[in-house]
Amino acid sequence: MTAVPHRRTVVVTGMGAVSPLGLGAATLHDRWAAGEVGITDGAGTCREFDPKDHLSIKEARRLDRFAQLAVVAAGESIAQAGWDGDAPYDPLRIGCIVATGIGGIETVETQHDIMRDRGVKMVSPLGIPQYMPNAGAAAVTMKYSLRGQSYGVVSACASGGHAIGSAMRMIQYGDADAVVCGGAEATLTPFGFACFNSMQALSPTGMSRPFDARRDGFVMGEGAGMLVLEEEEAARARGATILGEIAGYGSTTDAHHLTAPEPTGGPASRAMELAMRDAGAVAEQLDYINAHGTSTQLNDAAETAAIKLALGDQARRIPISSTKSSIGHTLGAAGAVEAVATLRTLITGVIAPTLGYEQPDPACDLDYVPGEARPLVTGNGHPPLAISNSFAFGGHNVALALRGAAK
Amino acid sequence: MSVTTEQVESRVVETLASFGPDASQITRTATFEELDIDSLDLVELAQVVEDEYGVVLKGEDMKELKTVGDAIDLIVARAA
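Everything in this summary refers to the structure shown in the same document.

What counts, and at which threshold
Residues numbered from 1 in each chain as written. Chains lettered and ligands numbered in written order. Predicted model: local features only at pLDDT ≥ 70, side-chain atom pairs only at ≥ 80, totals over all residues. Heavy atoms only, no water. Helix = DSSP H or I, 4+ residues; strand = E, 2+ residues; numbered from the N terminus. Rg over C-alpha atoms; globule rule 2.2 N^0.38 Å. Buried < 20%, exposed > 50% of the residue type's maximum accessible area, 1.4 Å probe, protein only. Contact = heavy atoms within 4.5 Å. Areas by Shrake-Rupley, 256 points an atom, 1.4 Å probe, with all protein chains shown as cover. Lys, Arg positive; Asp, Glu negative; His and termini not counted. Charge placed at Lys NZ, Arg CZ, Asp CG, Glu CD. Salt bridge = Lys/Arg side-chain N within 4 Å of Asp/Glu carboxyl O. Pairing = 2+ DSSP bridges. Phe/Tyr/Trp six-rings, centres within 6.5 Å; stacked < 30°, edge-to-face > 60°. Core = buried A, V, L, I, M, F, W, Y, C linked by side-chain atoms within 4.5 Å. Axes fitted to C-alpha atoms, helices over the stretch in contact; angles between N-to-C directions. Left-handed = near helix turned anticlockwise from the far one by under 90°. Nonpolar A, V, L, I, M, F, W, Y, C, P; charged D, E, K, R; others polar. Patch = residues over 30% accessible without salt bridge, like charges linked within 9 Å, V, L, I, M, F, W, Y side chains within 5 Å. Expected span 1.5 Å × (residues − 1). Parallel < 35°, antiparallel > 145°, perpendicular 65-115°, else oblique.

**A look at the overall build of chain B**
Right, on to step 1. If you tally the helices and strands in chain B, you get 4 helices and 0 strands.
Right, on to step 2. Its helices and strands taken in sequence order, chain B reads α-α-α-α from the N to the C terminus.
Right, on to step 3. Radius of gyration (C-alpha) of chain B: 11 Å, near the 12 Å computed for a compact globule of 80 residues.
Right, on to step 4. With the C-alpha coordinates of chain B rotated into their principal frame, the extents come out at 30 × 25 × 20 Å.
Right, on to step 5. Expressed as a percentage of the 80 residues in chain B, the buried residues total 42%.
Right, on to step 6. Here the analysis covers contacts within chain B between residues at least 6 apart in sequence; of these, 58% occur between residues at least 24 apart.
Right, on to step 7. Surface summary for chain B: the accessible area is close to 4,300 Å², and the carbon and sulfur share equals 49%.
Right, on to step 8. Seen as two clouds, the 6 positive and the 18 negative side-chain charges of chain B have centres 7 Å apart.

**Observations regarding the overall build of chain A**
Right, on to step 1. Broken down by element type, chain A carries 13 helices and 13 strands.
Right, on to step 2. Its C-alpha atoms give chain A a radius of gyration of 20 Å, near enough to 22 Å, the size a compact globule of 407 residues would have.
Right, on to step 3. Overall size of chain A, expressed as C-alpha extent along the three principal axes, is 65 × 50 × 40 Å.
Right, on to step 4. By the burial criterion, 59% of the 407 residues in chain A qualify as buried.
Right, on to step 5. Intrachain contacts of chain A at a sequence separation of at least 6 include 80% that bridge at least 24 residues.
Right, on to step 6. As displayed, chain A has an accessible area near 15,200 Å², and 54% of this comes from carbon and sulfur atoms.
Right, on to step 7. For chain A, the separation between the mean place of its 31 positive charges and that of its 42 negative charges on side chains is 3 Å.

**As for the pattern of salt bridges**
Right, on to step 1. On inspection of all chains with the given rule, the structure shows 33 salt bridges over all chains.
Right, on to step 2. Note that arginine 62 of chain A is salt-bridged to aspartate 38 of chain B, the shortest N-O span being 2.6 Å. Of this pair, arginine 62 of chain A sits in the loop between helix 2 (57-61) and helix 3 (65-80) while aspartate 38 of chain B sits in the loop between helix 1 (5-18) and helix 2 (39-53), on two different chains.
Right, on to step 3. Between arginine 403 of chain A and glutamate 245 of chain A there is a salt bridge, and its shortest N-O distance comes to 3.4 Å. You can see arginine 403 of chain A sitting in strand 13 (residues 396-404) and its partner glutamate 245 of chain A sitting in strand 7 (residues 244-253), a full 158 residues away along the chain.
Right, on to step 4. Within the structure, one salt-bridge network assembled from shared partners comprises Lys58 and Arg62 of chain A together with Asp38 and Asp41 of chain B.

**Observations concerning the pairing of strand 12 (residues 385-391) of chain A**
Residues and elements named next belong to chain A.
Right, on to step 1. Buried residues dominate strand 12, accounting for 7 of its 7 residues.
Right, on to step 2. Here strand 12 shows two buried faces, one formed by Leu385, Ile387, Asn389 and Phe391 and the other by Ala386, Ser388 and Ser390.
Right, on to step 3. Sheet topology places strand 8 (residues 288-290) next to strand 12; 3 bridges connect them, and they run parallel. The partner of isoleucine 289 across the bridge, within strand 12, is isoleucine 387.
Right, on to step 4. Pairing between strand 12 and strand 13: 7 bridges, direction antiparallel.

**Some words on the packing of aromatic side chains**
Residues and elements named next belong to chain A.
Right, on to step 1. Tallying each qualifying case throughout the model produces 5 aromatic pairs over all chains.
Right, on to step 2. Ring centres 5.6 Å apart and planes at 75° place the aromatic pair phenylalanine 196 and phenylalanine 218 in the edge-to-face group. With phenylalanine 196 in helix 8 (residues 190-198) and phenylalanine 218 in the loop between helix 8 and strand 6 (223-231), this residue pair connects regions lying 22 residues apart in the sequence.
Right, on to step 3. Take phenylalanine 218: its relative accessible area is 4%, and that puts it in the buried class.
Right, on to step 4. Ring pairing ties together the aromatic residues Phe196, Phe218 and Phe393, which thus form one cluster.

**Looking at the environment of leucine 126 of chain A**
Right, on to step 1. Examined against the element boundaries, leucine 126 of chain A turns out to sit in the loop between helix 4 (105-118) and helix 5 (127-131).
Right, on to step 2. When its relative accessible area of 3% is taken as the criterion, leucine 126 of chain A is described as buried.
Right, on to step 3. Residues in contact with leucine 126 of chain A, not counting those within four places in the same chain, are Arg61 and Arg62 of chain A together with Leu40 and Glu44 of chain B.

**Details of the nonpolar core**
Residue and element names in this part refer to chain A.
Right, on to step 1. In terms of nonpolar packing, the biggest core is built from 54 residues, with Ile164, Leu227 and Leu229 touching the most fellow members.
Right, on to step 2. Ranked by residues supplied to this core, first place goes to helix 13 (residues 334-348) with 7 residues.
Right, on to step 3. Residues within four places of leucine 229 in sequence aside, it is in contact with Val10, Val11, Val12, Ile164, Ala167, Met168, Ile171, Asp177, Ala178, Val179, Cys181 and Ile246.
Right, on to step 4. Residues Phe66, Leu69, Val72 and Met226 belong to the second largest nonpolar core, which totals 37 residues.

**Details of the packing of helix 1 of chain B against helix 2 of chain B**
Residues and elements named next belong to chain B.
Right, on to step 1. Across the interface, helix 1 lies against helix 2 with an axial gap of 10 Å and an inter-helix angle of 145°. As helix 1 runs across helix 2, the sense of the crossing is right-handed. Counted together, Gln7, Val8, Arg11, Val12, Thr15 and Leu16 of helix 1 and Leu45, Val48, Glu52 and Tyr53 of helix 2 form the full contact between these two elements.
Right, on to step 2. A class-by-class count of the residues in the contact of helix 1 with helix 2 yields 6 nonpolar, 2 polar and 2 charged.

**Quick look at a nonpolar patch on the surface**
Right, on to step 1. On the surface, a cluster of nonpolar side chains totalling about 260 Å² of accessible area is made up of Val108, Ile128 and Tyr131 of chain A.
Right, on to step 2. As for its placement among the helices and strands, isoleucine 128 of chain A is situated in helix 5.

**Here's the deal with helix 11 (residues 297-311) of chain A**
Residues and elements named next belong to chain A.
Right, on to step 1. Here helix 11 spans 22 Å end to end across 15 residues, near enough to the 21 Å set by a 1.5 Å rise per residue.
Right, on to step 2. Buried within helix 11 are the following residues: Asn299, Asp300, Ala302, Glu303, Thr304, Ala306, Ile307, Ala310 and Leu311.
Right, on to step 3. In the core, the buried residues of helix 11 are packed alongside helix 10 (266-278), strand 8, strand 9 (320-321) and strand 12.
Right, on to step 4. Of the residues flanking the end of helix 11, it is glycine 312, one or two places downstream, whose phi is positive at about 60°.

**Focus: the packing of helix 7 (residues 159-173) of chain A against helix 13 of chain A**
Residue and element names in this part refer to chain A.
Right, on to step 1. Two elements in contact, helix 7 and helix 13, have axes whose closest approach is 5 Å; the angle formed by their N-to-C orientations is 70°. Taken together, the axes of helix 7 and helix 13 lie roughly perpendicular to each other. Facing helix 7, whose interface residues are Gly160, Gly161 and Ile164, helix 13 presents Gly335, Ala336 and Ala339.

Written out as structure tokens, the structure reads:
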């Protein structure tokens, strides 16, 4: 591999989340670390989210729930960045990438019911603009007047990771000075459940317990995670508080099976290796892994194999936990929601546990942080470094290397 | 079809209010621009009108409409 030329550093200056644990990026990590589970009746619903609290009637009725979640999480991240409705860069230099795995499925279902019951002429003109997968990006850019490159990213459960990685590259290459990026998903609908159920992907017991021997499928969740990324020098020049760095991005594809992961973990491990190399780091410097950890038999075993391939002897040393043990699987939002949770881990120095993990599985033999939260331990006083994994139906793999801010 | 102006006005105001503007602002002289009612909203309004009164409003009809009163008058005239 050729040497990477000097390039711009990408820092995080704002984060936002709406999750089954409540509103807010800090809430997500604090409640997870405290052992709270946001799953009820087999679904991770954002029960504390009411669009009326955040959006006008006109905004709310023009956005599918997934885009509503994106706008609210973006609002939190932009407020934390201190943009205060007045962005510190030329709007044409601010990009926006909002991922989703599915898009506005609730809108599709509603409008299809109307077409069947009341005829084609009664289908709403808002149908397409609500359910298009780029609706999240459209909504966030309009709300915050972002006029640089913007689009949606679609790669099932890796979408959120791809959004952040693509945003990082956009800034590194110089196409933007800042990017508001992340992912959103809202698929807790009858058709959404029917489709995932018929794949036998969902847990029949309604329990998300990644890496546990008794794991029996994922629990579907909804939510959004959004981040404000800025070029480091510009962020420092304006006096922004640096929350962390998007230090590395690696992405590969299994090209193996429509839904099952490649069982050796080879391509997924390569994504992790690429992210580490991109960050200029070696396995000895890695302090934490936020696993994809879906609670399916296949993913958790393949991910364990991938971590061992990528990190060798170091794999047994590094604490690994899954946010999905607390909120379920937020699909296309997961990569972004979990990047937020990972950065909060680096900021607070608290590693939240893999909740519900009790019975070891011989195929999953690493340190999954059972029981309770524990302190993040970093060696040699270097800023903490973590990897956040996202793998997807379709075989898409993403690893993000995230570095805490220097003290 | 016996539709009174009052009936149409009430239905139009109710529909437009559901799109976002405050009902008190929706007067006969209020313009769609003032109310932030755009072309997508007007298509939805046309769907309600067709469903309720059987009056078909096409895109070219809607383009001519500037105020709430314009819409009410057109619907009443067409329904007559």
